[in-house]
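# Secondary and tertiary structure notes
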Amino acid sequence: MKQFLYLIICIVILSLGSLFVLKKPNGQPWLNLSDFYNHQSVTQKVTNFKDTVVNKTNSLLTQESNLLNSGEDPTIYKWQDEQGVWHYSDEKVENAKAWKKPENLTIIPAIQPIDKNEYKRVKPSGNNENETLVPPQSNKIKDLINNANNVQNIMDNRTKNIDEQLKQIQ
């Protein structure tokens, strides 16, 4: 047990000592003696930290306001189809009204559909001579459909929550 303790202590001492020898990518060692006896007072360190945080926060707020004022946020249109389903798009559609996006909403672009040229032509067995188009990776279609249904449920719930929040705002 004593030997194990000595081994652990030696490993800790070697690992700490190696930080004085090993170099960062910029060529400086990971630890210096000056790291342990910095003459700067605690209040000066706190003041410097506070100034850094305030400056970075101000720069982020300035960038945010510049983005908002530049009009880079896309206009989203909202409309309801004949079945009563609400749709949202960045393209203007007939009877669509401009919709103000809530601040906490993330816009994710839609996935492009698979090109028809990627489908394989398969001749079924039997007397039927018609070829069938089989999408690529057809063995994963069930998983894809389940995932799509799960995403649709999530998006439906999110749409309901957004509509409820908009009603509370108005």
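Preceding this section is the structure that the text describes.
Overview of the structure. (Residues numbered from 1 in each chain as written. Predicted model: local features only at pLDDT ≥ 70, side-chain atom pairs only at ≥ 80, totals over all residues. Heavy atoms only, no water.)

### Points about the overall build of the protein
Using the following cut-off: Helix and strand labels come from DSSP, where a helix needs a run of H or I of at least four residues and a strand needs a run of E of at least two; each type is numbered from the N terminus. Burial classes: relative accessible area under 20% of the type maximum marks a residue as buried, over 50% as exposed, and values in between as partly exposed (1.4 Å probe, protein chains only). Any two residues whose heavy atoms approach within 4.5 Å at even a single point are treated as in contact. Every accessible area reported is derived by Shrake-Rupley at a probe size of 1.4 Å, with residue values counting cover from the shown protein chains alone.
Along the backbone of the protein there are 3 helices and 5 strands. Moving toward the C terminus, one meets the helices and strands of the protein in the order α-α-β-β-β-β-β-α. Taken over 170 residues, the protein has a buried fraction of 9%. Sequence separation of 24 or more characterises 18% of the internal contacts of the protein that already satisfy a separation of 6 or more. Summing over all exposed atoms, the protein offers an accessible surface of approximately 15600 Å²; the carbon and sulfur share of this is 56%.

### Considerations on the sheet that holds strand E2 (residues 86–89)
Here is the rule: DSSP calls a pair of strands paired once it identifies at least 2 bridges connecting them. Where helices are involved, their axes are fitted lines through C-alpha atoms of the stretch in contact, as for all axes, and angles between N-to-C directions lie from 0 to 180°.
Taken in spatial order, the 3 strands of this open sheet run E2-E1-E3, and their pairing is antiparallel. Only two strands of the sheet have a single neighbouring strand rather than two, namely E2 and strand E3 (97–99). If you compare each strand with its neighbour and ignore which way they point, the axes differ by 35° on average. Strand direction decides the pairing type here: strand E1 (residues 76–80) and E2, joined by 4 bridges, are antiparallel. The partner of glutamine 80 across the bridge, within E2, is tryptophan 86.

### Some remarks on the packing of aromatic side chains
The following threshold applies: Note on ring pairs: Phe, Tyr and Trp rings are taken, using the six-membered ring of Trp, and paired if centres are within 6.5 Å. Classes follow the plane angle, with under 30 degrees stacked, over 60 edge-to-face and the rest tilted. In this scheme, Lys NZ or Arg CZ marks a charge over a ring once it lies within 6 Å of the ring centre and within 35 degrees of the ring normal.
A full pass over the atoms with the stated rule returns 0 aromatic pairs. In this arrangement the basic side chain of lysine 78 is found over the ring face of tryptophan 86, its NZ or CZ atom lying 4.4 Å from the centre.

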